[in-house]
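Notes for the structure review
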2 protein chains.
Amino acid sequence: MFKIPPHQVAGHHASNGTLGPLVDDSGRFYKPLQGDERGSAEVTFYKQFSTNTEIPDRIRRFFPVFYGTQVMKASDGFEHPHIMLQDLASSRSNPTIMDIKIGSRTFGPEASDDYIEKCLKRDRETTTLRLGFRISGLQVYVSEELGFYKPSRDLVLKSSIDDVKLLFRRFVSSNSSGSDPDYALASKVYGGPNGILAQLLELKTWFEDQTIYHFCACSLLFMFEKTMASKGETSNAQVKLIDFAHVTEGRGVIDHNFLGGLCSLIKFISEVLKDPEDHKTPGGDTLESTILVNNGH
Amino acid sequence: MFKIPPHQVAGHHASNGTLGPLVDDSGRFYKPLQGDERGSAEVTFYKQFSTNTEIPDRIRRFFPVFYGTQVMKASDGFEHPHIMLQDLASSRSNPTIMDIKIGSRTFGPEASDDYIEKCLKRDRETTTLRLGFRISGLQVYVSEELGFYKPSRDLVLKSSIDDVKLLFRRFVSSNSSGSDPDYALASKVYGGPNGILAQLLELKTWFEDQTIYHFCACSLLFMFEKTMASKGETSNAQVKLIDFAHVTEGRGVIDHNFLGGLCSLIKFISEVLKDPEDHKTPGGDTLESTILVNNGH
């Protein structure tokens, strides 16, 4: 009945002795609570958010539906509390997905010195500090035969700014596996009234005003179905917010760290739409080598 | 002919053995180059910026006019190179001024470990990390007899978020020296088509798009003439950008650190305009004690 999510591109995975999320056939996603205060912080957020009447519907749709918590036998054989959420990929067959961690820093003001040091090191090594976001993972559907283009976590985290530009283009290409992406789906996925850019701008309007939450170390998930986009349908591109273990109260201050990163991301996506060919820059492309993963679809 | 600027509220001051800026009667401001690479970085910025045809006039007006560099005998008796700039306060008699350092961090991605550690400590101790900006200094004109309300640098840097809210209200009050500011000038100074908020929104539009410069550790200067504002004139409120020793090239990325802080500041100013009375929050007000400085005007 339960299985490992087939389309997870970042975060913890179930493996030998390690807890990881599960999905079932009814469209639910079971995320094991992280053992320390992060687990309870995420539950607290979901409980508070799901009953918060100040959240407009146009914003609530960006968040997974929360179904409560449940103790379950996990992959390690022991019983663990899990957060029950909407499985965002359940209605999709071959989703093309990108996970982008937003913010120019991934620690909050109240974090300990050790935690700040650890995060800052990672933020400086990745594009977080320079770009205001980093790509945490992605998979791009290529074809029935070839499966998905899915570079390893380490390779994705090593991305330079130019690599990120290229990945945003590869993400919307019909030939994503090659080194010369064609950007064929850019206007259908990023553009249009229901496209990813329009959804990001909707989020931006909210973030310019809301002072309820600070979404530290959260991710934006981009998702679309390539075969649908190729047929000219535009409404299948989705943006979602996930990972709320480090959400804190806004206390009258906007989440300037998330907003700044979001604006930087909006600028990058706008540039792809404006001039999809412009990704040739001096310097190496560490993502040149193509990794195809046929994960059973 | 040269004198110490009478209305400087933050930054280096000339004193025994320390270099500081000077002004003359013709409306020029002479800023000694900082000895290390910061001095040359600031000159490089001004030279590049003043000839950059990509800067629209509506944005250029936020920057001091640059007149070149000049070697001058400074307060320590030795000759030093100075940057010659427009003296922003020269046309004003009793300017009310606030200096706000923008950004949720004051170091750039290429800074050394030591420098980052130093900046991060300061950013965490002040409101920089939490608010996306910190007030570096201010003076508020009170009256001919009483002079200016001008809290000390240390007191200003110790401001809590509630203190910052109070200072934004005190800044536009006709009775700024008391603990119960009246916000009488809020709509005239912050509001209106030429007010500070409108100018900040103009800057925001540019920062959402420009990828030429990253304005690390720069300040916004708010300036207005209280007597003019009291008479109902609205056009005397000015916003300026200053301090460019840490500007770096944008290289295709927006300045998300500055933009995030700017949006946070815009939100704070909007709140004052919307509800000037709402500053009563639990917790102490470390700025309760009033410091008046009659600096010769």
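Please read all numbers here as calculations on a predicted model, not as lab measurements. (Residues numbered from 1 in each chain as written. Chains lettered and ligands numbered in written order. Predicted model: local features only at pLDDT ≥ 70, side-chain atom pairs only at ≥ 80, totals over all residues. Heavy atoms only, no water.)

1. Regarding the packing of aromatic side chains
Rules: Think of it this way: a Phe, Tyr or Trp ring, Trp meaning its six-membered ring, pairs with another when their centres are within 6.5 Å, and the plane angle makes it stacked under 30 degrees, edge-to-face over 60, tilted otherwise. Put simply, DSSP marks the helices as runs of H or I at least four residues long and the strands as runs of E at least two long, and each gets a number from the N terminus on. Any residue under 20% of the maximum accessible area for its type is buried, any over 50% is exposed, and the rest in between are partly exposed; the area is computed with a 1.4 Å probe on protein chains only. Note on geometry: a ring has a charge over it if NZ (lysine) or CZ (arginine) is within 6 Å of the ring centre and within 35 degrees of the ring normal.
Following the criterion strictly, the structure yields 52 aromatic pairs over all chains and no others. Here B:Tyr46 and B:Phe66 contribute two aromatic rings whose centre-to-centre distance is 5.3 Å and whose plane-to-plane angle is 15 degrees, an arrangement assigned as stacked. Of this pair, B:Tyr46 sits in helix α1 (residues 37-50) while B:Phe66 sits in strand β3 (residues 66-73), and the two are 20 residues apart along the sequence. For the pair formed by B:Tyr46 and B:Phe66, the shared burial category is buried. An aromatic cluster of at least three residues, connected via ring pairs, comprises A:Phe45, A:Tyr46, A:Phe49, A:Phe63, A:Phe66, A:Trp206, A:Phe207, A:Tyr213, A:Phe215, A:Phe244 and A:Phe258. Between B:Arg28 and the ring centre of B:Tyr67, over which it is positioned, the NZ or CZ distance is 4.0 Å. One Lys or Arg, B:Arg105, reaches over the ring of B:Phe107 and ends 6.0 Å from the middle of that ring.

2. Side note on the interface of chain B and chain A
The condition is simple: We call two residues in contact whenever any of their non-hydrogen atoms come within 4.5 Å of each other. Summed over both partners, the accessible area lost on bringing two parts together, with a 1.4 Å probe, is the buried area. In what follows, salt bridge is the name for a side-chain nitrogen of Lys or Arg lying within 4 Å of a carboxyl oxygen of Asp or Glu. For the purposes of these results, a polar contact is taken to be a pair of N or O atoms within 3.5 Å, where, inside protein, one atom must be able to donate a hydrogen and its partner to accept one; residues adjacent in sequence count only when each atom of the pair is a side-chain atom. All residues other than Ala, Val, Leu, Ile, Met, Phe, Trp, Tyr, Cys, Pro, Asp, Glu, Lys and Arg, Gly among them, are scored as polar; the first ten of these are nonpolar and the last four charged.
Counting from both sides, the interface comprises 32 residues of chain B and, opposite them, 32 residues of chain A. In total, chain B and chain A occlude about 2,400 Å² of area from one another, counting both sides; carbon and sulfur atoms represent 61% of this. The tally of links from chain B across to chain A stands at six salt bridges. Put simply, A:Asp113 and B:Arg124 hold a salt bridge, and the shortest N to O gap is 3.0 Å. Seen at the junction of chain B and chain A, the total is 16 residue pairs in polar contact (both at pLDDT 80 or more). For the side of chain B that touches chain A, the secondary-structure elements that each account for two or more residues are α3 (113-125), α4 (128-131) and α10 (256-274) of chain B. The biggest single contributor to the side of chain B that touches chain A is α10(B), with eight residues. Of the residues contributing to the side of chain B that touches chain A, the split by class is 13 nonpolar, 10 polar and nine charged.

3. Focus: the packing of helix α10 (residues 256-274) of chain A against α10(B)
The angle between the axes and the distance between the axes are what describe a pair of packed helices. This is how the line gets drawn: Interaxial angle, 0 to 180 degrees, is taken between N-to-C directions of lines fitted to C-alpha atoms, where a helix line uses only the stretch in contact. Oblique is the label for every angle not falling under 35 degrees (roughly parallel), over 145 degrees (roughly antiparallel), or within 65 to 115 degrees (roughly perpendicular). Crossings are classed by handedness, with left-handed meaning an anticlockwise turn of the near helix from the far one by less than a right angle and right-handed meaning a clockwise turn.
Between α10(A) and α10(B), the shortest axis-to-axis distance is 8 Å and the interhelical angle comes to 125 degrees. Regarding the angle of α10(A) to α10(B), the classification is oblique. Crossing of α10(A) over α10(B) shows right-handed handedness. Here α10(A) contributes A:His256, A:Leu259, A:Gly260, A:Gly261, A:Cys263 and A:Ser264 to the contact with α10(B), which in turn contributes B:His256, B:Leu259, B:Gly260, B:Gly261, B:Cys263 and B:Ser264.

4. Quick word on the environment of B:Ile254
For B:Ile254, the location among the structural elements is in the loop between β11 (247-249) and α10. Take B:Ile254: its relative accessible area is 1%, and that puts it in the buried class. A sequence separation of 44 residues divides B:Ile254 from B:Gln210, and the C-alpha atoms of the two residues are 5.8 Å apart. Sequence-distant contacts of B:Ile254, that is, excluding residues within four places in its chain, are made with A:Gly260, A:Cys263, A:Ser264, A:Lys267, B:Phe207, B:Glu208, B:Asp209, B:Gln210, B:Thr211, B:His214 and B:Leu259.

5. A closer look at the relation of the copies chain B and chain A
Here is the rule: Superposition of the copies used a least-squares fit over C-alpha atoms from residues whose pLDDT is at least 70 in both.
You can overlay chain B on chain A at an RMSD of 0.0 Å; the transform is a turn of 180 degrees with a shift of 0.0 Å along its axis. Expressed as a symmetry operation, the mapping of one chain copy onto the other fits a two-fold axis. Closest to the rotation axis within chain B is the C-alpha of B:Gly260, separated from it by 2.2 Å. Both copies contact each other with a shared surface, as 100% of the interface residues of chain B are interface residues in chain A too.

6. Details of the nonpolar core
Our working definition: Among buried residues, the Ala, Val, Leu, Ile, Met, Phe, Trp, Tyr and Cys ones that are joined through side-chain atoms within 4.5 Å form a nonpolar core.
A:Phe168, A:Phe222, B:Phe168 and B:Phe222 are the most contacted members of the largest nonpolar core, which totals 126 residues. Sequence-distant contacts of A:Phe222, defined by excluding residues within four places in its chain, comprise A:Thr96, A:Ile97, A:Met98, A:Ile100, A:Phe168, A:Phe171, A:Ile196, A:Leu200, A:Gln238, A:Val239, A:Leu265 and A:Ile269. Among the nonpolar cores identified, the runner-up in size contains 12 residues, and A:Phe107, B:Phe107, B:Ala111 and B:Cys119 belong to it.

7. A word on helix α1 (residues 37-50) of chain A
Since one α-helical turn is 3.6 residues long, residues separated by three or four positions face the same way. Residue and element names in this part refer to chain A. Just so we agree on the cut-off: The span you would expect from a helix comes to 1.5 Å times its residue count less one. Summarising the geometry, the arc corresponds to the directions from the helix axis toward the C-beta atoms.
Helix length check: α1, at 14 residues, gives a terminal C-alpha distance of 20 Å against a target of 20 Å (1.5 Å per residue), a fit within 8%. Those residues of α1 lying buried are Gly39, Glu42, Val43, Phe45, Tyr46 and Phe49. Buried residues in α1, looked at end-on, bunch into an arc of 155 degrees, giving them a common side. Seen from the buried face of α1, the exposed residues on the opposite side, beyond 90 degrees, are Glu37 and Thr44. The inward-facing, buried residues of α1 contact β2 (28-32), α2 (57-60), β3 (66-73), β4 (79-86), β8 (213-215) and β11 (247-249).

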